[in-house]
Amino acid sequence: MAGHPARPGDEGGGPPMSTTAAPPAPPRTPEGPPRRRRAGDIDGFRGLAALSTVAFHVWQQYTAYDAHGTHPPVANPVLDAVLSLEVIDLFFVLSAFLLTLSYARAALDGGSTRPARAFLFRRAIRILPLYVLAVLVVWATRNPTLPGDWQDLFEHLTFTHVFDQDRIFYTLGPTWSLSLEVLFYFVLVGLGPLAVRACRRLRRRADRVAVCTAGCLFLFAAPLAWITVAHYALGIPHTDWVAYFGPQARFGGFAAGMLLAVVLAALGDRARLSPRAALLLTALALAGLFCLSLQSDAEGFTFTYYHPIASALWMLLLFSTLHIRRRTFWNRFLTARWLTPLGLISYSLFIWHEPVMLLLHNAGLLPAGPSGFPWALLIVLLAAVAVAAASYWLVEYPASLLGRLKDAQGRPRDFYPEPALR
């Protein structure tokens, strides 16, 4: 997935931290949804986002560009807005929410977080094995003679291709977002413990909430300020990928997810939404995202600030889905049996769908012309899902077992401890 979000459960664990000024966390009440249900909802979001990502890139493949403008493959503007909806910000918000939650709880109420080494190790085994394999395979097929474009390979393996105007979309086009994801990991392990220590000095919980909220809002506002300066003051065109795809422009999605973690940690089981209120907010968020996609154009306000606005709407949608008293039909839809398996393989689907699409296209297996778009979408989906399923079980799942090599503190696990002397 574009900037693959963490899985539920990645946010907790680790040794207890000192919490001299923070009271113990209040016990959870029975009315809160079980964690496994939240995990099911999030897997549903992953599945939908993965399907949307595939549809978006097939839509891009079949869009024609000429001197007269852009010509999408679908003439219907409503359907075109749905197909062209970018979900990258959902991945950023979701990942930041899950990974920040333990820091937010520790800052506000005490608790535990993983040491940085344990956190980074778990993220590395989650991201790197499949990513490195895919980069090497795709790069090798596109550079059959050495030395090839070694700079492209180096930048992808070091997650620095997001800073290269020419190569940002080379090899695995959507993985520019993983550069930002990896950068976020280092920002989080740097800022998270600082926030916990700063809040430890504050006696009032309201003050701790205010400090964490202000920090998240600052991180959200900084990219807004950069986008404003870049577009309106410096006149940087929107085709300057480094300017508008780099962390200085896109970190707002992560900040929105961090803010959601702070809000939910602060509320706990209080003020959960009724089904009616939850569905109303869900409808408003989905309608806002649709209108944003429908009205977005290269010269307008909504295009310039598309991603900050989308991040705020995705945050609202996640809040109305997770902070509820009782589950609604929207939650039941997200946990449908056909959708959650797609969430399980969503990272593999994100990694492989573009190479699969281009392989099919170059082999002449996709229909030509705009009228062939529906069939091409179906063909790419079926092929990419099959490849992703195989990739999950052959690469992702075995790699996840490497997590057993480390204990909760990130130290090598002793599988054969010496028996205690009597």
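Residues numbered from 1 in each chain as written. Predicted model: local features only at pLDDT ≥ 70, side-chain atom pairs only at ≥ 80, totals over all residues. Heavy atoms only, no water.

What to know about the packing of helix 4 (residues 116-142) against helix 16 (residues 346-362)
Selection criterion: In this analysis, axes come from line fits to C-alpha atoms, helices being fitted only over the stretch in contact, and the angle between any two N-to-C directions falls in the range 0 to 180 degrees. Strands here mean DSSP runs of E at least two residues long; helices mean DSSP runs of H or I at least four residues long; both are numbered from the N terminus. Relative orientations are named as follows: roughly parallel for angles under 35 degrees, roughly antiparallel for angles over 145 degrees, roughly perpendicular for angles from 65 to 115 degrees, and oblique for any other angle. We call two residues in contact whenever any of their non-hydrogen atoms come within 4.5 Å of each other. Three classes are used: nonpolar for Ala, Val, Leu, Ile, Met, Phe, Trp, Tyr, Cys and Pro, charged for Asp, Glu, Lys and Arg, and polar for all others, with Gly counted as polar.
Two elements in contact, helix 4 and helix 16, have axes whose closest approach is 10 Å; the angle formed by their N-to-C orientations is 10°. Classified by the angle between their axes, helix 4 and helix 16 sit roughly parallel to one another. The residues of helix 16 that touch helix 4, namely those facing R126, I127, L130, Y131, A134, V138 and R142, are Y347, S348, I351, W352, P355 and L358. In terms of residue class, the contact of helix 4 with helix 16 is made up of ten nonpolar, one polar and two charged.

Side note on helix 17 (residues 373-400)
Filter applied, for reference: To obtain the bend at a residue, axes are fitted to the seven residues ending there and to the seven starting there, and the angle between these axes is taken. Classification of residues uses two cut-offs on accessible area relative to the type maximum, computed with a 1.4 Å probe and protein chains only: under 20% is buried, over 50% is exposed, and between them is partly exposed.
Maximal helix bending in helix 17 amounts to about 45°, located at Y392. Turning to helix 17, its buried residues are F373, A376, L377, V380, A384, A388, S391, Y392, V395, E396 and A399.

Side note on the nonpolar core
Where we set the bar: In plain words, nonpolar cores are sets of buried Ala, Val, Leu, Ile, Met, Phe, Trp, Tyr and Cys residues tied together by side-chain atoms within 4.5 Å. Domain start and stop points were drawn from an automatic or database domain assignment.
By size, the foremost hydrophobic cluster in this structure holds 112 residues, and its most contacted members are V58, F97, F184, W314 and I351. Here this core gets 16 residues from one element, more than from any other, and that element is helix 3 (residues 88-109). When residues of this core are assigned to domains, at least three map to each of domain 1 (48-84 + 342-404) and domain 2 (91-335). With near-sequence residues (within four places) excluded, I351 lies in contact with L130, Y131, A134, L172, T175 and L178.

Comments concerning the layout of surface pockets
This is how it is decided: Only protein atoms enter the 1 Å grid used here, on which a cavity is any set of points holding a 1.4 Å probe that cannot leave and a pocket is any open set flanked by protein within 12 Å on both sides along at least five of seven lines; residues with an atom within 4 Å of a point are listed as lining. Grid points are joined across faces, edges and corners, and a volume is the space filled by probe spheres set on the points.
When its volume is computed, the largest pocket comes out at roughly 1,500 Å³. Taken together, 42 residues form the lining of the largest pocket, with F56, W59, Q60, E86 and F303 sitting closest to its centre. Looking at the lining of the largest pocket, the elements with two or more residues in it are helix 1 (35-61), helix 7 (205-233), helix 8 (241-245), helix 9 (247-250), helix 11 (275-295), helix 12 (301-304), helix 13 (306-322) and helix 16. For the lining of the largest pocket, the element with the highest residue contribution is helix 1, accounting for six residues. A class-by-class count of the residues in the lining of the largest pocket yields 24 nonpolar, 13 polar and five charged. Shared between two domains, the lining of the largest pocket takes at least three residues from each, and those domains are domain 1 (48-84 + 342-404) and domain 2 (91-335).

A look at the environment of P174
On the secondary structure map, P174 appears in the loop between helix 5 (150-157) and helix 6 (176-200). With a relative accessible area of 7%, P174 lands in the buried category. For P174 and T53, which are 121 residues apart along the polypeptide, the C-alpha to C-alpha distance reads 9.2 Å. Those residues within four positions of P174 in sequence are excluded, and the remaining contacts are H57, F350, H353 and E354.

As for the environment of S311
Counting through the fold element by element, S311 comes out in helix 13. Taking the C-alpha atoms as reference points, S311 and F91, separated by 220 residues in sequence, lie 9.5 Å from one another. Not counting the four nearest positions on each side in its chain, S311 is found in contact with D89, V93, F220, G252, G253 and A256.

Side note on a nonpolar patch on the surface
Filter applied, for reference: Patches here: salt-bridge-free residues with over 30% relative accessible area, like charges joined within 9 Å, nonpolar side chains (Val, Leu, Ile, Met, Phe, Trp, Tyr) joined within 5 Å. Working definition of accessibility: Shrake-Rupley area with a 1.4 Å probe, residue cover restricted to the visible protein chains. In what follows, salt bridge is the name for a side-chain nitrogen of Lys or Arg lying within 4 Å of a carboxyl oxygen of Asp or Glu.
A surface patch of nonpolar side chains, about 420 Å² in accessible area, is lined by W375, L378, I379 and L382. Inspection of the secondary structure assignment puts I379 in helix 17. For I379, a relative accessible area of 31% translates into the label partly exposed.

So, the packing of helix 7 against helix 10 (residues 252-267)
Formally: Two helices cross in a left-handed way if the nearer one is turned anticlockwise from the farther one by less than a right angle. They cross in a right-handed way if the turn is clockwise.
At their nearest, the axes of helix 7 and helix 10 sit 8 Å apart, and the two run at 165° to each other. In terms of axis orientation, helix 7 runs roughly antiparallel to helix 10. Along this stretch, helix 7 crosses helix 10, giving a crossing that reads as left-handed. Residues R205, V209, C212, T213, C216, L217, L219, F220 and P223 of helix 7 touch helix 10, and the partners they reach there are G252, A255, A256, M258, L259, V262, A265 and A266.

Brief notes about the confidence of the model for the protein chain
Low-confidence regions, as indicated by low pLDDT, have predicted coordinates that should not be scrutinised in detail. As a reminder of what qualifies: For every residue, the pLDDT score states the predictor's confidence, bounded by 0 at the bottom and 100 at the top.
With 89% of its residues at a pLDDT of at least 70, the protein chain reaches an overall mean of 88. Here residues 12-33 scores under 50 on pLDDT; set against residues more than four positions off or in separate chains, the count is 53 contacts.

A word on the packing of aromatic side chains
Stated precisely, the cut-off is as follows: Aromatic pairing here means that ring centres of Phe, Tyr or Trp (its six-membered ring) are within 6.5 Å. Orientation follows from the plane angle: under 30 degrees is stacked, over 60 is edge-to-face, and everything else is tilted.
Within this structure, the stated rule accounts for 21 aromatic pairs. Ring plane angle 25° and centroid distance 5.9 Å describe the contact between W330 and F333, whose orientation is recorded as stacked. Of this pair, W330 and F333 both sit in helix 14 (residues 329-334), three residues apart, roughly one helical turn. Accessibility expressed as a relative area gives 34% for F333, which makes it partly exposed. Residues F333 and W338 carry aromatic rings whose centres are separated by 6.2 Å and whose planes lie at 65° to one another, so their mutual orientation is edge-to-face. The exposure class of W338 is partly exposed, given its relative accessible area of 48%.

With respect to unusual backbone geometry
Here the residue pair L146 and P147 is connected by a cis peptide bond, since its omega of 10° sits within 30 degrees of zero. By the secondary structure assignment, P147 is in the loop between helix 4 and helix 5. Positive phi values are uncommon outside glycine, yet F159 reaches one of about 60°. Take F159: it is sitting in the loop between helix 5 and helix 6. Among the residues examined, F159 registers a relative accessible area of 11% and is labelled buried.

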